[in-house]
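The chain contents come next:
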Amino acid sequence: MKAPSLHLNDVRKSFGATEIIRGVTLDIAAGERHALIGPNGAGKTTLFNLISGRFEVTSGTIRLDDTRIDTLPPHRINRLGLSRSFQITSIFHRLSVFENLRCSLLWSRGYRYSFWHSLGRQSALNEEAERLLEEINLAGRRDVQAGLLSYAEQRALEIGMTVAGGAAAILLDEPTAGMSNTETEQAIALIRRVTEGRTLLMVEHDMRVVFDLADTITVLVYGQVIASGSPVEIRASRAVQEAYLGAEAA
Amino acid sequence: MVVIGLVLPWLFRDYAHARDNGFMIAMFSQMGMMITFALSYNMLMGEAGLLSFCHAVFFGFGGYCVAHFLNAAGDGGFFLPLELLPLAAGLCGLGLAVVFGAMATKQRTTAFAMITFGIGELAVTAAIMFKHFFGGESGITTDRTNAWSLFGVNYGHGLQVYYLIIVWTLLAALGMYYLRGTPLGRMANACRDNYERAQFVGYDPRMVRFIQFALSGLFAGIAGGLYCITYEIVTYDAVAAPLSGNALLMAFIGGVGSFSGPVIGAILITALQSGLSLMSSSWIVYVGVLFIAMVTFAPTGITGILRAHTPIVRSGRLRALALPYARLLLPCLLVLAGFVGLVEMLSFATIGASEGKTLNLFGLTPDVYAVGPWLIAAAALLVGIAWLRLEARRFQAAWDAAMAGLAPVGGR
Ligand SMILES: Nc1ncnc2c1ncn2[C@@H]1O[C@H](COP(=O)(O)OP(=O)(O)OP(=O)(O)O)[C@@H](O)[C@H]1O
Ligand SMILES: [Mg+2]
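Residues numbered from 1 in each chain as written. Chains lettered and ligands numbered in written order. Predicted model: local features only at pLDDT ≥ 70, side-chain atom pairs only at ≥ 80, totals over all residues. Heavy atoms only, no water.

So what about the site of ligand 1? Which residues, and what values?
All names here are of chain A. Around ligand 1 there are 13 residues in total, and Asn40, Lys44, Thr45, Thr46 and Gln87 lie nearest to it. One of the side-chain nitrogen or oxygen atoms of Asn40 is found 2.9 Å away from an oxygen atom of ligand 1. One nitrogen or oxygen atom from the side chain of Thr46 is found 2.5 Å from an oxygen atom belonging to ligand 1. In isolation ligand 1 offers 630 Å² of accessible surface; the protein chains occlude 61% of this area. Among the elements that take part in the shell around ligand 1, helix 1 (residues 44–51) stands out by supplying 3 residues, more than any other. Counted by class, the shell around ligand 1 contains 4 nonpolar, 7 polar and 2 charged residues. (Near = heavy atom within 4 Å. Polar contact = N/O pair within 3.5 Å; in protein donor to acceptor, adjacent residues only side chain to side chain. Areas by Shrake-Rupley, 256 points an atom, 1.4 Å probe, with all protein chains shown as cover. Helix = DSSP H or I, 4+ residues; strand = E, 2+ residues; numbered from the N terminus. Nonpolar A, V, L, I, M, F, W, Y, C, P; charged D, E, K, R; others polar.)

Here it is, written out as structure tokens:
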């Protein structure tokens, strides 16, 4: 699948009277690794919810390549090749780790709502799920109920489920939050590997990770983009220093 | 299971008089159709996490349709053999479940439950109003010997019908077992666990639930078809809420978390209904209390309780629980005796006595108009409860000790 580009045009979102996303215009080039940073409550997750169809936009448009997606329900957007992870882990908690991954593969492998295929006999599908299991380092926990995994393991599963379907555009919401240093390194290596040749939009608080991984960085503050550019440009930007990085550097 | 099913009637045969035990055959037949029915209900409750109150509608509709097929066959206007009628009933159930499923599965959780409840009420009203199809209050009677048989069997005998039920129960159970391992079945589990996430792996959870709902209607219809063939009458009871509630009861008491749960529940509840109803006119009270007790103390059902023991059995520590279990027995019996005593005396004092019966309780004939028996029963109940709580605490400690260091079993 060819990596798509993502275009947001004057996107706004209000909850009741409060406008949380206040006119975001953003272009993410095909195959780019794009980081979205900003202080807590800036609206990063809300923006993800809008792009992935979880929320409806109040106004503005979102396009994946040339396709309008702001009017589509989440599953349709996913089928177009856009997959997202959740900041607050969202997994099938009573299914095993393996089943979680297999469920995440099913639609993209064309099984749809089949009630005639026996999952046990789909060797290509099962091998793929096993491979993913290895990739996210959970092979040893294959048959454990996902809800019983440790926090870090659930985070790894969350990433695995997001990339499983082979979507060409991937949105990761703080994938490494709460992970230890080594776990973060592994996760970043994994993300780097699986997003090769795909379009990535990622929210991340760890600045080392951001500057290391991203081709482009966008800074969102209070529902508005205050800067967007290469890591070098962002590091040099006065506005960003004041609004965001400054707080951490100090 | 199959072998047991085939052999069962012969165990209860009265060889001295070369007679089959009609009561037992009737009970086993009922168990067969209830197993199918409970399993089909669990496709919703256990597999998809959907609480439906209208499952009997598809059961009953299957039954009504078979009654009409049989009557049409009597007039020479129908061609299917009796052996295939349950399948025809299933297709009727499927058709109706497509219609109602389209309405209900648009909603989630409480709204879904409410809509199914409405559908159930609607169906009863329709069954009473539209006399032409449903026969009004008296229902529709038919004769299963109207249909021809693939194997030249006349089905005049209860045992022949019983074998037909076994075959169809087995086919239906195999079908439902297979469905659990398909993409649809697995995504039904996924939507049950996390409705939202399912959307972000490309599935429309409403579509998953709709198809699952429709298919569960298919199997409920099969069970209803068997019902009609067995009893040769279908009334509005077959679509009504109590029967839907029964499906819930069977699945829940057996355990919705495993495939065998509803099977065990169906067998147990049917046995209670057949056996207990002979012994006591208040049997329904006991079933109700059993249900409340299960919901409160063992929400995973019988199979859930059994499964919770697996790690302990594997580690060879089960023997450590033998004594604590034994100690629970006595207070349990005391509670039971006290409770049964109270219920039976009450039921006798209000209804039984006026019918000129005599009360026989555990071989005694207490005087319900004296204070003594009431006090004894109440004391047994209260002392039993206090004692049980004490022992339960010990048991909990013993259980925790046995489970120490073991991983609890997960679901699927
Ligand atoms: N469903 C909702 N209804 C009402 N307000 C909401 C909703 N979702 C988010 N908000 C509000 O929108 C604002 C932005 O929240 P959001 O989660 O998008 O921030 P964020 O940038 O992801 O922050 P963090 O870094 O803490 O994850 C917050 O003030 C939040 O309270
Ligand atoms: Mg957030």
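I'd love a proper account of the domain arrangement of chain B, names of residues and values included.
Many authors give the size of an interface as the accessible area that is lost as the parts come together. Residue and element names in this part refer to chain B. Domain boundaries assigned for chain B yield domain 1 (2–300) and domain 2 (309–403). Placing a centre on the C-alpha atoms of domain 1 and another on those of domain 2 gives a separation of 33 Å. Taken together, the contact pairs 6 residues of domain 1 with 5 residues of domain 2. On the surface where domain 1 and domain 2 come into contact, there are 0 salt bridges. On inspection of domain 1 and its partner domain 2, the count reaches 2 residue pairs in polar contact (both at pLDDT 80 or more). Residue composition of the side of domain 1 that touches domain 2, by class: 3 nonpolar, 3 polar and no charged. (Domains from an automatic or database assignment. Contact = heavy atoms within 4.5 Å. Salt bridge = Lys/Arg side-chain N within 4 Å of Asp/Glu carboxyl O.)

For the sheet that holds strand 1 (residues 6–15) of chain A, give the residues involved together with the corresponding values.
Residue and element names in this part refer to chain A. The strand order across the open sheet formed by 4 strands is 2-1-4-5, and the pairing between neighbours is antiparallel. For this open sheet the edge positions go to strand 2 (18–28) and strand 5 (67–68), each flanked by a neighbour on one side alone. One ladder, built from 8 bridges, connects strand 1 with strand 2; its direction is antiparallel. From the neighbouring strand, Leu8 faces strand 2, where its bridge partner is Leu26. Packing of helix 1 onto the sheet brings it into contact with strand 1, strand 2 and strand 4 (59–64), and relative to strand 1 it is tilted by some 115°. (Pairing = 2+ DSSP bridges. Axes fitted to C-alpha atoms, helices over the stretch in contact; angles between N-to-C directions.)

Summarise unusual backbone geometry; cite the residues concerned and give the values.
Phi at Tyr222 of chain A takes a positive value of approximately 50°, unusual for a residue other than glycine. Among the structural elements, Tyr222 of chain A can be located in the loop between strand 9 (216–221) and strand 10 (224–229). Despite not being glycine, Tyr155 of chain B has its phi angle at roughly 55°, a positive value. Mapped onto the fold, Tyr155 of chain B is located in the loop between strand 1 (140–141) and helix 7 (158–180). Taking relative accessible area as the criterion, Tyr155 of chain B reaches 6% and is therefore assigned buried. (Buried < 20%, exposed > 50% of the residue type's maximum accessible area, 1.4 Å probe, protein only.)

Report on the interface of chain A and chain B, specifying residues and quantitative values.
Facing the 37 residues of chain A at the interface are 31 residues of chain B. Here chain A and chain B share an interface that buries about 3,000 Å² over both sides, 60% of which is from carbon and sulfur atoms. The interface formed by chain A and chain B contains 3 salt bridges. Across the pair Arg197 of chain B and Glu158 of chain A runs a salt bridge whose closest N-O atoms are separated by 3.1 Å. Where chain A packs against chain B, one counts 19 residue pairs in polar contact (both at pLDDT 80 or more). Those elements that place two or more of their residues in the side of chain A that touches chain B are helix 2 (74–79), strand 6 (82–84), helix 3 (97–106) and helix 5 (151–164) of chain A. When residues in the side of chain A that touches chain B are grouped by element, the largest group, 5 residues, is from helix 3 of chain A. Here the residues of the side of chain A that touches chain B sort into 15 nonpolar, 13 polar and 9 charged. (Buried area = accessible area lost by both parts, 1.4 Å probe.)

How would you sum up the coordination of the magnesium ion (ligand 2)? Please name residues and give values.
Residue and element names in this part refer to chain A. Donor atoms from the polypeptide that bind the magnesium ion (ligand 2) are Thr45 (OG1) and Gln87 (OE1), placed at 1.9 to 2.1 Å. Note that Thr45 is positioned in helix 1 and Gln87 in the loop between strand 6 and helix 3, a separation of 42 residues in sequence. The exposure class of Thr45 is partly exposed, given its relative accessible area of 26%. (Donors = N, O, S within 2.8 Å, 3.2 Å for Na, K, Ca; no water.)

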